[in-house]
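# Structural overview for review
Residues per chain are reported as follows:
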Amino acid sequence: MSQTFQNFIAGQWVAPTTGEYFENRNPADTRDVIGRFPKSGAADVERAVASAAAGFERWKRTPAPLRGDVLRRVGDLLAARKEELANLMTREMGKPLAETRGDVQEGIDTAYYAAVEGRRLFGHTVPSELRNKWAMSYRRPIGVCGIITPFNFPLAIPTWKMFPALVCGNTCVFKPAEDVPHTGHVFVEILLEAGLPPDVIQLVHGFGETVGAAIVSHPAVPVISFTGSTETGSKVGETCGRMHKRLSLEMGGKNAQIVLNDANLELALEGVLWGAFGTTGQRCTATSRLIVQSGVHDQFVEMLVERVGKLVLGDGREAGTDVGPLIHEEAVEKVERYVGIGKEQGATLRIGGKRRREGSLAHGHFFDPTIFTGVTAGSRLEQEEIFGPVLSVVEVKSVDEAFAVNNGVRYGLSSSVYTSDVHVAFRALSELDNGITYVNAPTIGAEAHLPFGGVKQTGNGHREGGWEVYEFYSETKVGYVDYSGVLQRAQIDTYGG
Ligand code: NAD
């Protein structure tokens, strides 16, 4: 009998009002049941929001540096439990241990960064245009934040959202992705152990259409931070727009690595292997297009196919595994569908293209790392987010054409260019329509203290990570103090109106 987990609402671990649970299984071996988690309903969200609203009254009065101190302790606990967390995350999500260790480390970095921000949270003090008058701007907390996260970074993404929200003085209602509830559970245990007051964090497990939608549409939740697919983001955006909520959307990607004739091909090869097949291609920043200039195209594709053929599929907890499983059966079916679409649209399947079920792979959602060549710009394979281990190679003649292909999709998260020409490198930084551009590095590898996010259909203009996210989670207020003792009229008395 597997363990039954609960929600954390109003300071207690409680069963869902629905009385229903769902099973969470290991994607590398679906016979392994990790636990039963609450299939909550709107009534659970209702209780969680009421408690978070009460918690907000207290937490907003806690000095920001003390709020930051809690986050420092969270960082210490994450560091102490890094290996345990990495193991349980790989068991429920599938990516290899080196990657889940990186996921935890990103949480640790984000915690220590947040701890320090608690002593900054800068506003501005500026001269007034009037004599004997003081003018300044400063930040205030907003209220209850709804935190809705995807499966692919079970710890890092919740920390990107919740740590700045908490340091700014807000409280959180957290709904982790239904594929990775165990990491969400342990994460909340750690927040509580670090001393976060119990009503400041609420954990409500369940599905997006019920729990997620109830959080998004709740009138007492003025802030929503969502990471997930562009399709789900559109639904979330509609509700938030109607209700005038503050909303941060981080959504899909169709990222490209560009390899030009003057590139260091060995370096570019390591980059694309990591960018395309790390996390089994299930990263918002995954390299799903490879744009190669004609002079090196054939040689580079040969080098790539040879290396991809040697990648080892398997359980992410086993030494030697390069590529773990996909998250669930629907993801495998989606990848299969796109392999069919690629063939129908005339692309050449160079390697992979099949799900794997033999031997130790029999009970998991495994799919071969796959490469299509001869992919045309504008085809579905080249345009649509697949979120799996499928790389589409597009051959181009010039730098201009490479940049145009990079920019010719509806997404704009990350891009990468391999070149030894400094002029082209700087052109890429200025001309590629993405929130992040890497020069001579893969499309993945964001750092916690820099703003993270994308343009076009990837986002709605906000950023996670870095300092900009603190703007999102705080309201800017302006204070004027006139100590002249007389009525002074702005714009009028100074300029003789
Ligand atoms: P998803 O959109 O299926 O789910 C994301 C979250 O939204 C889950 O918690 C889900 O339960 C919830 N949800 C679903 N329907 C909802 C609704 N109607 N209302 C409210 N919440 C709802 O995405 P996923 O499959 O978990 O993750 C993969 C997607 O996430 C990819 O498109 C990927 O590019 C994107 N992603 C983007 C970033 C980024 O920073 N841009 C990072 C990671 C993942």
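Note that the structure is predicted; figures quoted are calculated from it, not measured.

So, on to the site of the ligand. Residues in close proximity to the ligand total 28 residues, the closest being Thr 149, Glu 178, Thr 232, Met 251 and Glu 385. Note that an oxygen atom of the ligand is positioned 3.3 Å from one of the backbone N or O atoms of Gly 208. The fraction of the free accessible surface of the ligand (860 Å²) that becomes covered by protein chains is 90%. In a pocket analysis with a 2 Å cut-off to the grid points, the ligand is assigned to the largest pocket.

Tracing the sequence through the fold places Thr 230 in helix 8 (residues 230–243). Here the side chain of Thr 230 touches Gln 457 through a polar contact of 3.3 Å, landing on its backbone oxygen. If we skip the residues at most four places from it in the chain, Thr 230 touches Met 251, Gly 252, Arg 410, Tyr 411 and Gln 457.

Moving on, we get to the domain arrangement of the protein. Here the domain parsing of the protein yields domain 1 (7–251 + 459–478) and domain 2 (255–439). Once you take the C-alpha centre of each, domain 1 and domain 2 turn out to be 31 Å apart. Counting residues at the interface gives 25 residues for domain 1 and 24 residues for domain 2. Overall, the association of domain 1 and domain 2 removes approximately 2,000 Å² of surface from exposure, summing both partners, and the carbon and sulfur fraction of that is 58%. Between Arg 410 and Glu 231 there is a salt bridge, with its nearest N and O atoms 3.0 Å apart. For the side of domain 1 that touches domain 2, the secondary structure elements donating two or more residues are strand 4 (29–38), helix 3 (82–93), helix 4 (97–117) and helix 8. Broken down by element, the side of domain 1 that touches domain 2 gets its largest block of residues, five residues, from helix 3. Here the side of domain 1 that touches domain 2 is composed, by residue class, of eight nonpolar, seven polar and ten charged.

By the element assignment, Asn 7 lies in strand 1 (residues 7–9). For Asn 7, a relative accessible area of 0% corresponds to the buried category. Within polar-contact distance, the side chain of Asn 7 engages the backbone nitrogen of His 205 at 2.8 Å. In contact with Asn 7, other than residues within four places in its own chain, are Gln 12, Trp 13, Val 14, Pro 16, Pro 38, Ser 40, Asp 44, Leu 203, Val 204 and His 205.

Quick look at unusual backbone geometry now. Positive phi is not limited to glycine here, since Leu 121 has a value of about 40°. Within the secondary structure layout, Leu 121 lies in the loop between helix 4 and strand 5 (124–127). Among the residues examined, Leu 121 registers a relative accessible area of 17% and is labelled buried. Notably, Thr 279 is not glycine yet its phi reads approximately 55°, a positive angle.

How each quantity is defined
- Counting starts from 1 at the beginning of each chain's written sequence and moves along it residue by residue.
- Thresholds applied to this predicted model are a pLDDT of at least 70 for local features of residues and 80 or more for the giving and counting of side-chain atom pairs; totals over whole chains, interfaces and linings are not thresholded and use all residues.
- Side-chain numbers come from the whole structure's heavy atoms, not from hydrogens or water.
- Nearness is defined per residue: one heavy atom within 4 Å of the molecule or strand is enough.
- Pairing of N or O atoms within 3.5 Å defines a polar contact, subject to two protein rules: one partner must be a possible hydrogen donor and the other a possible acceptor, and residues neighboring in sequence count only if both atoms are side-chain atoms.
- Here the open area of atoms and residues is found with the Shrake-Rupley method and a 1.4 Å probe, where only the protein chains shown may cover a residue.
- Both cavities and pockets are sets of points on a 1 Å grid over the protein atoms alone; in a cavity a 1.4 Å probe fits but cannot get out, in a pocket the set is open with protein on both sides within 12 Å along at least five of seven lines, and lining residues sit with an atom within 4 Å of a point.
- What decides whether a molecule sits in a cavity or pocket is whether more than half of its atoms lie within 2 Å of the grid points.
- Runs of H or I in DSSP of at least four residues are treated as helices and runs of E of at least two as strands, each being numbered from the N terminus.
- What makes two residues a contact is simply this: any of their non-hydrogen atoms within 4.5 Å.
- For the domains described, the bounds stem from an automatic or database domain assignment.
- Accessible surface is computed with a 1.4 Å probe, and the buried area is the amount of it that two parts give up when combined, taken over both parts together.
- One speaks of a salt bridge when a side-chain nitrogen belonging to Lys or Arg is within 4 Å of a carboxyl oxygen belonging to Asp or Glu.
- Note on residue classes: Ala, Val, Leu, Ile, Met, Phe, Trp, Tyr, Cys and Pro are nonpolar, Asp, Glu, Lys and Arg are charged, and everything else, Gly too, is polar.
- Burial classification: accessible surface area is computed with a 1.4 Å probe over protein chains only, and a residue below 20% of its type maximum counts as buried, one above 50% as exposed, and the rest as partly exposed.

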